[in-house]
Amino acid sequence: MNDISHDNSRDISTSQMNQLQWLINEVQRCCEDKRLYESHRFGIPYAEIKCLMLFENERYLTVKGIAERLDVAKSRVTKLVNSVFDKGLIDRTDDPNDARIKLLRLTTEGKKVVASIKEFQQDLLGKILNRLDSEDRGKVITGLELLRSAMEMVKESLGKQQA
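Presented here is an overview of the structure given in this document. Because the structure is a prediction, the values reported are computed rather than measured. (Residues numbered from 1 in each chain as written. Predicted model: local features only at pLDDT ≥ 70, side-chain atom pairs only at ≥ 80, totals over all residues. Heavy atoms only, no water.)

Looking now at the nonpolar core. Counting 23 residues, the largest nonpolar core has Leu 52, Phe 55, Ile 66, Val 81, Ile 90 and Leu 104 as the members making the most contacts within it. Residues contacting Val 81, with those up to four places away along its chain left out, are Val 63, Ile 66, Ile 90, Arg 92 and Leu 104. (Core = buried A, V, L, I, M, F, W, Y, C linked by side-chain atoms within 4.5 Å. Buried < 20%, exposed > 50% of the residue type's maximum accessible area, 1.4 Å probe, protein only. Contact = heavy atoms within 4.5 Å.)

Structure, rendered in structure tokens:
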């Protein structure tokens, strides 16, 4: 904690920091459980689901583009792409401007799988939100927005410290 500057005038207790850590861990555990369930339900490793979901609003992607978005090595993406290609969920075509580059796109079956995954995710989010009354839903959304914003600010300050 010493290398992160913070305002000492705020009364932040060890108890609050411990509770925040516990809650973040619990939310992360729930997300990991969801990933495992999702992977099992669709019979696709979660890494491949993440890869397929990148195509949701894209006509074409490249291995390099996928690697950048997933923040993994191109060699790892090549394995992912080969696996989803073998499953018939994407196809490859030459880039008309550079034959060395392969453009990747969802097949008809891949589009169906992505739509099913998206429907599952939306249904799950609806079930979560339905567990809360209207006022609490607003509080949760606002609280998560505040948490994300604070986390981004700390992340940015950590990046500046490394530079």
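The first and last C-alpha atoms of helix α4 (residues 74-86) sit 18 Å apart over 13 residues, in line with the 18 Å expected at 1.5 Å per residue. Among the residues of α4, Val 77, Leu 80, Val 81 and Val 84 are the ones counted as buried. Along the axis of α4, the buried residues cluster in a sector spanning 100°; they form a single face. Facing away from the buried side of α4 by more than 90 degrees, the exposed set consists of Lys 79 and Asp 86. The elements touched by buried residues of α4 are α2 (46-53), α3 (63-70), β1 (90-95) and β2 (98-106). With its phi angle positive at about 75°, Gly 88 sits one or two positions after the end of α4. (Helix = DSSP H or I, 4+ residues; strand = E, 2+ residues; numbered from the N terminus. Expected span 1.5 Å × (residues − 1). Arc of directions from axis to C-beta.)

The next point concerns the pairing of β2. Relative to β2, β1 is paired through six bridges, and the arrangement is antiparallel. Bridging across to β2, Asp 91 finds its partner in Arg 105. Remark: two residues form the turn of the hairpin made by β1 and β2, two consecutive strands paired antiparallel. (Pairing = 2+ DSSP bridges.)

Scanning all chains against the criterion turns up zero disulfides. The thiol sulfur of Cys 30 is not disulfide-bonded, and the nearest other cysteine sulfur, from Cys 31, lies at 7.0 Å. On the basis of relative accessible area, Cys 30 is assigned to the partly exposed category, the value being 44%. (Disulfide = S-S within 2.5 Å.)

Attention now moves to the pattern of salt bridges. Per the counting criterion, the structure on display carries 13 salt bridges. Of the charged contacts in the structure, one is a salt bridge between Glu 26 and Arg 29, with a shortest N-O distance of 2.8 Å. One end of the pair is Glu 26 and the other is Arg 29, both in helix α1 (residues 14-42) and three residues apart, which spans about a single turn. Glu 26 gets classed as partly exposed once you look at its relative accessible area, which sits at 25%. (Salt bridge = Lys/Arg side-chain N within 4 Å of Asp/Glu carboxyl O.)

All right, on to the layout of surface pockets then. Roughly 220 Å³ of internal volume is contained in the second largest pocket. Around the second largest pocket sit Thr 62, Val 63, Lys 64, Lys 74, Thr 78, Val 81, Asn 82, Arg 92, Ile 101, Lys 102 and Leu 104, which together line it. Taken together, the elements giving at least two residues each to the lining of the second largest pocket come down to α3, α4 and β2. Among the elements that take part in the lining of the second largest pocket, α4 stands out by supplying four residues, more than any other. By residue class, the composition of the lining of the second largest pocket is four nonpolar, three polar and four charged. (1 Å grid on protein atoms, 1.4 Å probe; cavity = no way out; pocket = protein on both sides within 12 Å on 5 of 7 lines; lining within 4 Å. Points joined across faces, edges and corners; volume = space filled by probe spheres on them. Nonpolar A, V, L, I, M, F, W, Y, C, P; charged D, E, K, R; others polar.)

Scanning the model with the defined rule gives two aromatic pairs in all. Seen in terms of ring centroids, Phe 42 and Phe 120 are 5.9 Å apart; in terms of plane orientation they differ by 80°. Their pairing is edge-to-face. Taken together, the residues Phe 42 in helix α1 and Phe 120 in helix α5 (residues 108-130) connect sequence positions 78 residues apart. Note on Phe 120: relative accessible area 9%, which makes it buried. (Phe/Tyr/Trp six-rings, centres within 6.5 Å; stacked < 30°, edge-to-face > 60°.)

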